[in-house]
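Given next are the chains, with one letter for each unit.
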Amino acid sequence: MTYLRIAAFALMVAACSPGDGGSGSYGAAVQPATVEQLAAKAGCTPHIQIDASELRQGHCETADGEFFLTTFTTQQGKDAWMDTAPEYNPHLVGPLWTALSSRPVLERVQRRLGGDLHLKDHRVKG
C-alpha cells in the first residue's frame, strides 16, 4: 500500500513540475481532444456544424441520446463561451470541451467522457 501512495505522489509531483526548466508552464503540453475523438469515445460519428478556428461543434446521436460536443482552442475561448452557456442548461464540461443535452443524456455520456455536470451556472458543479 505504501508503494502505491509513493507512486501516486510521484505522478502528482511530475504532473505539476515545470516541463521546460522552470519557465512557468507545467507538465507536458497536452493536446486537447478533438470533436471526433470525443465523439468516438462516446460512440458516435459527429455531424460537424461549426468548424471555426477558435471552436468546433458536432452533433451526435447514440443509444445514450442526442447531444452536441464543442471543443475550444483556448481556455479563454471556452470561458467566454461558457459565460453565455446558462441558457443551454445543463452541460457537461471537460478540459477545453463541453457537451450539451438534457440531464439524463449527459449523465449517460458522462460515464464515457468524464467531465463535470453543470446544472445551472457553469461555475457551479451539479
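Details of the structure are given in the entry above.
Cut-offs applied
- Residues numbered from 1 in each chain as written.
- Predicted model: local features only at pLDDT ≥ 70, side-chain atom pairs only at ≥ 80, totals over all residues.
- Heavy atoms only, no water.
- Helix = DSSP H or I, 4+ residues; strand = E, 2+ residues; numbered from the N terminus.
- Buried < 20%, exposed > 50% of the residue type's maximum accessible area, 1.4 Å probe, protein only.
- Contact = heavy atoms within 4.5 Å.
- Areas by Shrake-Rupley, 256 points an atom, 1.4 Å probe, with all protein chains shown as cover.
- Salt bridge = Lys/Arg side-chain N within 4 Å of Asp/Glu carboxyl O.
- Pairing = 2+ DSSP bridges.
- Axes fitted to C-alpha atoms, helices over the stretch in contact; angles between N-to-C directions.
- Arc of directions from axis to C-beta.
- Disulfide = S-S within 2.5 Å.

Draft legend 1. How the structure looks around the overall build of the protein chain. Along its length, the protein chain carries four helices and six strands. Seen in sequence order, the protein chain has helices and strands lined up from the N terminus as α-α-β-β-β-α-β-β-α-β. A burial count over the protein chain gives 33% of its 126 residues as buried. A separation threshold of at least 6 residues defines the contact pool for the protein chain, and within that pool the share at least 24 residues apart is 32%. Put simply, the protein chain shows about 7,900 Å² of open surface, and 57% of that area lies on carbon and sulfur atoms.

Draft legend 2. Region of interest: the pattern of salt bridges. Scanning the entire structure with this criterion turns up four salt bridges. The closest approach of N and O atoms between arginine 56 and aspartate 51, which form a salt bridge, is 3.0 Å. Relative accessible area serves as the criterion here: at 58%, aspartate 51 is assigned to the exposed category. Between arginine 103 and glutamate 107 there is a salt bridge, and its shortest N-O distance comes to 2.9 Å. Here glutamate 107 and arginine 103 lie together in helix H4 (residues 103–113), a separation of four residues that amounts to about one turn. Among the charged side chains, a network of salt bridges with common partners joins Glu36, Asp51 and Arg56.

Draft legend 3. Quick peek at the sheet that holds strand S1 (residues 47–51). Pairing in this open sheet of six strands is antiparallel, and the strands run S1-S2-S3-S5-S4-S6 from one edge to the other. Of all strands in the sheet, those with a lone pairing partner are S1 and strand S6 (116–118), marking the two edges. Strand-to-strand twist in this sheet, taken as the mean axis angle between neighbours without regard to direction, amounts to 20°.

Draft legend 4. Examining the side chain of threonine 71 more closely. For threonine 71, the location among the structural elements is in strand S3 (residues 65–72). The contact partners of threonine 71, leaving out residues within four places of it in the chain, are Ala33, Thr34, Val35, Leu38, Glu54, Leu55, Arg56, Leu96 and Trp97.

Draft legend 5. Representation of helix H2 (residues 35–42) within the structure. Those residues of H2 that sit buried are Val35, Leu38, Ala39 and Ala42. Projected down its long axis, H2 carries its buried residues within an arc of 100°, all on one side. Turned more than 90 degrees off the buried face of H2, the exposed positions are Ala40 and Lys41. Lining the buried residues of H2 we find S1, strand S2 (55–62), S3, strand S5 (97–100) and H4. Where H2 terminates, the next one or two residues include glycine 43, which has phi positive at roughly 95°.

Draft legend 6. Up close: the state of the cysteines. Evaluated as defined, the whole model comprises one disulfide. At a sulfur-sulfur separation of 2.0 Å, the disulfide partner of cysteine 44 is cysteine 60. Its torsion about the S-S bond being 40°, the disulfide of cysteine 44 and cysteine 60 is classed as right-handed. With cysteine 44 in the loop between H2 and S1 and cysteine 60 in strand S2, this pair connects stretches of sequence that are 16 residues apart. When its relative accessible area of 11% is taken as the criterion, cysteine 44 is described as buried. Take cysteine 60: its relative accessible area is 0%, and that puts it in the buried class.

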